[in-house]
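Structural description and commentary
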Amino acid sequence: MQKTVERIAGDSEGVAYEFPVLRFEGKDKAAPSAYLQAALHAGELPGVVAIDALMPMLAKAEAESRIRGPITIVPWANPIGRAQYHFGEHQGRFNLGTRTNFNRSFPLLATPDARLLPDISLGGADRRLKNRLVQLSLGNDIVLDLHCDDEGLAYLYIHTSLWPHMADCAAAMGIDAVVLWSEDTDGTFEGASIMPYQNAPANVARFDRRAVTTVEYRGILDVDAALAASDAEGLYRLLVTRGIIQDPSIPKFETFSGPVVPLENIDMMPSPKAGAILYDVKPGGRVKKGDRLATIVHAPGEAGGRTEVFAPQSGLILTRRARRIIRAGEDLLKLAGDARSGDARSGTLED
Ligand SMILES: [Zn+2]
């Protein structure tokens, strides 16, 4: 394994950011390649500790000469967000200087050619970081962006062009659900990793061997040694299943038996009132249309001071908020519905 350190210039003299890149060489030029990154939203750490648990497995495979394709790993993808604290609270989701989400405004290239990246020499440190992450990842057959939700199941976002080809990946990783999307107007990292291939010739696009996904490793508090170990095993199985690592002890994964939900089926359930949330449901639960999802206590002790929220359709609870305070209009949870949402929001992944 080789470690290099990337350096991103800051926005003023004397400020710079660094992050490590860990690389394993592959011995077989024809084998696929993989890129894994974690903590692009810098406070989302289940993927960071999963990578930490994965490394000894990769080191063993390297020592036994079982690594076929090159593997590039960026365990801390966002040194800018990692360093941001505001009044004592870590702020890893938005760049405090620009209010830009760290997982938005990635360049969506017309073809998978890093020479098309925009000139960002004057663009700000976060844009320089985004360009560099695209450069590091572009061209890899497997690109995994490890995130987590507030509280949630383990699930994957996958572009429709890669489904059902990636059913083996979902099965190998042992995740709970898959959300399929088709449009990215905001420039997520995942979008920057798959949209350039949409108009590429079939021999470049290779959707049968390409795997690109935003991995939502449950909730922000699910940073736990046992979960990290099982997620690392899932990542390892994926690398074996896709031919990057040789390991005959790992069975072949083909079909995924969990729920596969189009993004249009997700109901986000904006809260009608500001207040304290009393949830009736938690991630993994099934609900029927009309079931109560939550009660918002907005005027405690007063007549009419509680407002109930009901399921607009039947489905699976994918996530809910980690904090119990909410403003009117903020989303209460993600309900992966059995049918299209009446409130379907196009495009964006809420990761
Ligand atoms: Zn995230």
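Structure's up top.
These remarks concern the structure in this document. Quantities reported herein were computed from a predicted structural model and do not represent experimental measurements.

**Concerning the overall build of the protein**
- Along the protein, the regular secondary structure elements total 7 helices and 20 strands.
- A globule of 351 residues ought to have a C-alpha radius of gyration of about 20 Å, and the protein, at 21 Å, matches this closely.
- Along the first, second and third principal axes, the C-alpha set of the protein runs to 70 × 55 × 40 Å.
- Counting only residues that meet the buried cut, the protein has 53% of its 351 residues in that class.
- Looking at the protein alone, contacts between residues at least 24 apart form 71% of all its contacts between residues at least 6 apart.
- Of the roughly 15,600 Å² that the protein leaves accessible, carbon and sulfur atoms contribute 51%.
- Averaging the positions of the 39 positive and the 45 negative side-chain charges in the protein gives two centres separated by 1 Å.

**A word on helix H3 (residues 125–137)**
- For H3, which comprises 13 residues, the first-to-last C-alpha distance of 18 Å matches the rise-based estimate of 18 Å (1.5 Å per residue) to within 8%.
- When you tally the buried positions in H3, you get 10 out of 13 residues, the bulk of the element.
- Every buried residue belonging to H3 is among Ala125, Asp126, Arg128, Leu129, Lys130, Asn131, Leu133, Val134, Leu136 and Ser137, and all of these are buried.
- Gly139 occupies a position one or two residues after H3 and carries a positive phi of about 95 degrees.

**A look at the environment of Leu133**
- The topology assignment puts Leu133 in helix H3.
- Residue Leu133 is classed as buried on the basis of its relative accessible area of 0%.
- Along the primary structure Leu133 and Ile67 are separated by 66 residues, whereas in three dimensions their C-alpha atoms are 23 Å apart.
- Leu133 has contacts with Phe19, Tyr35, Gln37, Leu40, Val74, Ala77, Phe106 and Phe189, leaving out every residue within four places of it along the chain.

**Considerations on the packing of helix H1 (residues 46–63) against helix H7 (residues 225–241)**
- Put simply, H1 and H7 touch, their axes get as near as 8 Å, and they point 55 degrees apart. Our classification of the angle between H1 and H7 gives oblique. Along this stretch, H1 crosses H7, giving a crossing that reads as right-handed. Where H1 approaches H7, its residues Val49, Ala50, Ala53, Leu54, Met57 and Leu58 are matched on the opposing element by Ala228, Ala229, Asp231, Ala232, Glu233, Leu235, Tyr236 and Leu239.
- Here the residues of the contact of H1 with H7 are counted per class, giving 12 nonpolar, no polar and 2 charged.

**A closer look at the packing of aromatic side chains**
- Scanning the entire structure with this criterion turns up 4 aromatic pairs.
- Summarising the aromatic geometry, the rings of Trp163 and Phe256 are spaced 6.4 Å apart at their centres and angled 90 degrees between planes, so their arrangement reads as edge-to-face. Residue Trp163 is found in the loop between strand S9 (154–159) and helix H4 (167–173), and its partner Phe256 is found in the loop between H7 and strand S12 (260–262); the two are separated by 93 residues along the sequence.
- A residue is classified by how much of its surface remains accessible, and Trp163, at 18% relative accessible area, is buried.
- Three or more aromatic residues joined by ring pairs form one cluster here, namely Tyr35, Phe106 and Phe189.
- Across the ring face of Phe106, the terminal group of Lys130 is positioned such that the distance to the ring centre comes to 5.7 Å.
- Seen from the ring of Tyr197, Arg210 lies directly overhead, with NZ or CZ sitting 3.6 Å from the centre.

**Quick word on the nonpolar core**
- Counting 88 residues, the largest nonpolar core has Leu58, Ile71 and Leu133 as its most contacted members.
- Broken down by element, the residue count for this core peaks at 7 residues, all from H1.
- With residues up to four places along the chain from it excluded, the contact list for Ile71 reads Leu22, Arg23, Phe24, Ala34, Leu36, Leu58, Leu239, Ile244 and Ile245.
- Counting 15 residues, the second-largest nonpolar core is a separate cluster that includes Val281, Ile296, Ile326 and Leu333.

**Things to note about the pattern of salt bridges**
- Summed over the entire model, instances satisfying the criterion amount to 21 salt bridges.
- A salt bridge links Asp113 to Arg115, with the shortest nitrogen-to-oxygen separation between them at 2.8 Å.
- Close ionic contact of Arg324 with Glu151 constitutes a salt bridge, the shortest N to O distance being 3.0 Å. Residue Arg324 is found in the loop between strand S18 (315–320) and strand S19 (325–326), and its partner Glu151 is found in strand S8 (residues 151–152); the two are separated by 173 residues along the sequence.
- When its relative accessible area of 31% is taken as the criterion, Arg324 is described as partly exposed.
- One salt-bridge network, held together by shared partners, links Lys60, Glu64, Arg66 and Asp247.

**Overview of the pairing of strand S3 (residues 34–38)**
- Buried residues dominate S3, accounting for 5 of its 5 residues.
- Burial along S3 is two-sided: Ala34, Leu36 and Ala38 facing one way and Tyr35 and Gln37 facing the other are all buried.
- One ladder, built from 4 bridges, connects S3 with strand S4 (residues 71–74); its direction is parallel. Counted as the bridge partner of Ala34 is Ile71 from S4.
- After leaving S3, the chain enters H1 and then returns to the sheet as S4, a path that is right-handed.
- The pairing of S3 with strand S7 (residues 142–149) spans 5 bridges and is classified as parallel.

Each value, and the rule that gives it
- Residues numbered from 1 in each chain as written.
- Predicted model: local features only at pLDDT ≥ 70, side-chain atom pairs only at ≥ 80, totals over all residues.
- Heavy atoms only, no water.
- Helix = DSSP H or I, 4+ residues; strand = E, 2+ residues; numbered from the N terminus.
- Rg over C-alpha atoms; globule rule 2.2 N^0.38 Å.
- Buried < 20%, exposed > 50% of the residue type's maximum accessible area, 1.4 Å probe, protein only.
- Contact = heavy atoms within 4.5 Å.
- Areas by Shrake-Rupley, 256 points an atom, 1.4 Å probe, with all protein chains shown as cover.
- Lys, Arg positive; Asp, Glu negative; His and termini not counted.
- Charge placed at Lys NZ, Arg CZ, Asp CG, Glu CD.
- Expected span 1.5 Å × (residues − 1).
- Axes fitted to C-alpha atoms, helices over the stretch in contact; angles between N-to-C directions.
- Parallel < 35°, antiparallel > 145°, perpendicular 65-115°, else oblique.
- Left-handed = near helix turned anticlockwise from the far one by under 90°.
- Nonpolar A, V, L, I, M, F, W, Y, C, P; charged D, E, K, R; others polar.
- Phe/Tyr/Trp six-rings, centres within 6.5 Å; stacked < 30°, edge-to-face > 60°.
- Lys NZ or Arg CZ within 6 Å of the ring centre and 35° of its normal.
- Core = buried A, V, L, I, M, F, W, Y, C linked by side-chain atoms within 4.5 Å.
- Salt bridge = Lys/Arg side-chain N within 4 Å of Asp/Glu carboxyl O.
- Pairing = 2+ DSSP bridges.
- Right-handed = clockwise from strand over helix to strand, strands pointing away.

What is shown is where atoms sit, not what they do.
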